[in-house]
Amino acid sequence: MRVAVIGGGWAGIAAAVDLTEAGRAVTLFEAGRVLGGRARSVSLDGRTVDNGQHILLGAYRDTLDLMRRVGADPERLFDRRPLQVVDRTGFRLRLPLLPAPLHVAWGLLSSPTVGWREKLRTAWWMEGIKRRGFRLAEDTSVADWLDAAGQTGVLRRHLWEPLCLAALNTPAAHASAQLFANVLRDSLGSRCRADTDLLLPCVEFGQLLPEPADCWLRAQGADVRLGCRVGEIVASADGVRIGDESFAAVVIATAPQHVASLWPAARTNYAFEPIATIYLQFPTGTTLPFPLFHLLGQHGQWVVDRGNGLLACVLSGHGAWEALPDEALAAALHGELGLAEPFLWHKVIREKRATFSAHPGLHRPDSRTTHPRVFLAGDYTWADYPATLEGAVRSGRRAARDAIAVSQPISQPA
């Protein structure tokens, strides 16, 4: 009944929690010093910030459920707000507290910076997408999809392309339209109004799941091994060996670029997209018009107001910003923010392989491998979504179900 989980990101945490609740003896191996993977807290210059700024949606049901199960209360840890898209040009789209789908229709029709022709054309297009179940006849790029739908006006520049880059971490010219349609299905196209809500963290990311999960797993008897890198697994017909230990099954929940070193048959050849998070500390009292602000600058994309004057600027996907040194990048974003006050402190966190490039027609593995006791978890294995925390959590839960099925206790004779 022993099951190993390799990788302590959100997929590995989800798998370990489900396995533990099912009565399996779990050993969780994590190479880093803390759980959380690419969504964790880090200590920089004596202060705690996040290793990248993440935004959750109300539609992230499995993630929110997982938090509750390990004792982290989403209602206390998030600032839940109806979706707004606001940028420095004056564009604003705000969803009111009306039942779905009226809230989306009203938000679109009441946007003051979009003409009536474009509003009606967009409403008709979205209704057509819903009738087809958000399924495209053929995957293509988001840019080509929008072109074919006549989405070439204000909403394209201020809504669809920014949302695509934020959700898929891939520019619209290269991003999968089907994956973007899936994102729209579970957010703007959902039958539940709350699914479109923004969940803005009130605390560091470590407090949302990684730290409570670490405490919960240990309290339930799981063996959590931090700073422990697994170099090799050896699988046989009846189990898996890691070093001199035997397990009934193993869930490999590492990033895709690290899987091949543990299980060569699961090798992927993905291209990757970077993300940079630039923290700018301004005097206390500095605020944005809305906590999530679309900068729409030469370099700047989204800015999150973390409170007390701390702004987190997020740059997704390949771009000219990658060539700028940290000091120059921070200065450029300060200029695009248009704030008169100088920033007091800054830090740039660059993740060169933050996510896989979500190109059209990209092959995505599921949890199964060439061995019946070796399973995969991670956002890249949840083919319905781009690289998101919700996809990671769902993939971990699926891999856990598979591992539970092959690690049933042997019945003893009467």
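Every chain begins its residue count from 1, and numbering advances along the sequence as written. Owing to the predicted nature of the model, reporting of local features is limited to residues with pLDDT of at least 70; listing and counting of side-chain atom pairs is limited to 80 or more, with chain, interface and lining totals taken over all residues. As a rule here, side-chain values come from all non-hydrogen atoms in the structure, and water together with hydrogens is ignored.

Caption draft 1: View of the overall build of the chain. Elements are defined by DSSP. Helices are runs of H or I of four residues or more, strands are runs of E of two residues or more, and each kind is numbered from the N terminus. On a plain count of helices and strands, the chain comes out with twelve helices and 20 strands. Along the first, second and third principal axes, the C-alpha atoms of the chain reach 75 × 50 × 40 Å. Partitioning the intrachain contacts of the chain with sequence separation of at least 6 by distance along the chain shows that 70% fall at a separation of at least 24. For the accessible areas, the method is Shrake-Rupley and the probe is 1.4 Å, while residue cover comes only from the protein chains on display. Only carbon and sulfur atoms are counted for the fraction: they give 53% of the accessible area of the chain, which is about 17,800 Å². Only heavy atoms matter for contacts: two residues are in contact if any of them lie within 4.5 Å across the pair.

Caption draft 2: Main features of the packing of aromatic side chains. The pairing test for Phe, Tyr and Trp rings, Trp by its six-membered ring, is centres within 6.5 Å, and the orientation test on the planes gives stacked under 30 degrees, edge-to-face over 60, and tilted for anything in between. For the coordinates displayed, the defined rule picks out eight aromatic pairs. On the numbers, 5.4 Å between centres and 80° between planes, the contact of Trp125 with Trp160 is edge-to-face. Separated by 35 residues along the polypeptide, Trp125 in helix α5 (residues 116-131) and Trp160 in helix α7 (residues 154-168) bring together distant segments of the chain. Think of it in three bands: residues with accessible area under 20% of the maximum for their type are buried, residues over 50% are exposed, and the middle band is partly exposed, with areas taken using a 1.4 Å probe on protein chains only. The class for Trp125 is buried, based on a relative accessible area of 8%. An angle of 85° between the planes, with centres 6.4 Å apart, marks the rings of Phe282 and Phe343 as edge-to-face. Taken together, the positions of Phe282 in the loop between β15 (272-281) and β16 (292-294) and Phe343 in the loop between α11 (326-337) and β19 (345-356) put the pair 61 residues apart, joining distant regions of the chain. According to the relative accessible area criterion, Phe282 is buried, its value standing at 1%. Positioned above the aromatic ring of Trp116 is the side chain of Lys119, whose terminal nitrogen or guanidinium carbon lies 4.6 Å from the ring centre. A positively charged side chain is recorded as over a ring if its NZ (Lys) or CZ (Arg) lies within 6 Å of the ring centre. The angle to the ring normal must also be within 35 degrees.

Caption draft 3: Just helix α8 (residues 177-185), in detail. Across the nine residues that make up α8, a large majority, eight, are buried. For α8, the full list of buried residues reads Ala177, Gln178, Leu179, Phe180, Ala181, Asn182, Val183 and Leu184. Of the surrounding elements, those touching the buried residues of α8 are α6 (142-148) and α7. With a side-chain oxygen positioned 3.4 Å from the backbone nitrogen of Gln178, the residue opening α8 is Ser176. Two N or O atoms form a polar contact when they lie within 3.5 Å of each other; inside protein one atom must be a possible hydrogen donor and the other a possible acceptor, and for residues adjacent in sequence the pair counts only when both atoms belong to side chains.

Caption draft 4: How the structure looks around the packing of helix α1 (residues 10-21) against helix α2 (residues 61-69). For the pair α1 and α2, the least separation of the axes is 11 Å and the interaxial angle reads 55°. With respect to α2, the axis of α1 lies oblique. The handedness of the crossing between α1 and α2 is left-handed. Where α1 abuts α2, its residues Trp10, Ile13, Ala14, Val17, Asp18 and Glu21 lie against Thr63, Leu66 and Arg69. Only Asp, Glu, Lys and Arg are considered charged in this grouping, and only Ala, Val, Leu, Ile, Met, Phe, Trp, Tyr, Cys and Pro are considered nonpolar; every other residue, Gly among them, is considered polar. Here the residues of the contact of α1 with α2 are counted per class, giving five nonpolar, one polar and three charged. What counts as an axis is a line fitted to C-alpha atoms, over the stretch in contact for a helix, and the angles between N-to-C directions run from 0 to 180 degrees. Between 65 and 115 degrees an angle is taken as roughly perpendicular, under 35 as roughly parallel, over 145 as roughly antiparallel, and anywhere else as oblique. Handedness of each helix crossing follows the sense of rotation of the near helix against the far helix: counterclockwise by less than a right angle gives left-handed, clockwise gives right-handed.

Caption draft 5: Expanded view of the sheet that holds strand β9 (residues 198-201). Only strands joined by at least two bridges in the DSSP assignment are considered to pair. The three strands lie next to each other as β5-β9-β6, forming an open sheet whose pairing is antiparallel. Each edge of the sheet is formed by a strand with only one pairing partner; in this case those strands are β5 (56-57) and β6 (78-81). Pairing between β6 and β9: four bridges, direction antiparallel. Looking at β9, one finds that Asp79 is bridged to Leu200.

Caption draft 6: Up close: α2. Within α2, burial applies to Thr63, Leu64, Leu66, Met67 and Arg69. Of the residues one or two after α2, Gly71 is the one with positive phi, at around 90°.

Caption draft 7: Quick peek at the side chain of Ser407. Inspection of the secondary structure assignment puts Ser407 in the segment after α12 (389-405). Of note is the side chain of Ser407, whose polar atom sits 2.8 Å from the side chain of Arg24.

Caption draft 8: Here's a closer look at the sheet that holds β19. The antiparallel open sheet is built from five strands, whose spatial order is β16-β17-β18-β15-β19. In this open sheet, the two strands that pair with only one neighbour each are β16 and β19. Strand-to-strand, the axes of this sheet are offset by a mean angle of 20°, without reference to chain direction. Bridge count between β15 and β19: nine bridges; the pairing is antiparallel. Pairing of Tyr279 across the sheet is with Lys347, part of β19.

Caption draft 9: Local environment of the packing of α2 against α12. Axis separation between α2 and α12 bottoms out at 8 Å; the angle between their running directions is 70°. Taken together, the axes of α2 and α12 are roughly perpendicular relative to one another. Crossing hand, α2 versus α12: left-handed. Across the interface between the two elements, Arg61, Asp62, Thr63, Asp65, Leu66 and Arg69 of α2 pack against Leu389, Glu390, Val393, Arg394 and Arg397 of α12. Considered class by class, the residues forming the contact of α2 with α12 number three nonpolar, one polar and seven charged.

Caption draft 10: Geometry of the side chain of Thr170. In this structure, Thr170 sits in the loop between α7 and α8. By relative accessible area, Thr170 is classed as buried at 0%. Polar contacts involving the side chain of Thr170 include one to the main-chain carbonyl oxygen of Leu168, which spans 3.0 Å. Engagement of the side chain of Thr170 in a polar contact is seen with the backbone nitrogen of Ala358, the distance being 3.1 Å.

Caption draft 11: Quick peek at the environment of Phe180. Its place among the elements puts Phe180 in helix α8. Setting aside its immediate chain neighbours within four residues, Phe180 contacts Val142, Trp145, Trp160, Leu163, Cys164 and Leu168.

Everything listed here is a matter of geometry and, on its own, says nothing about what the molecule does.
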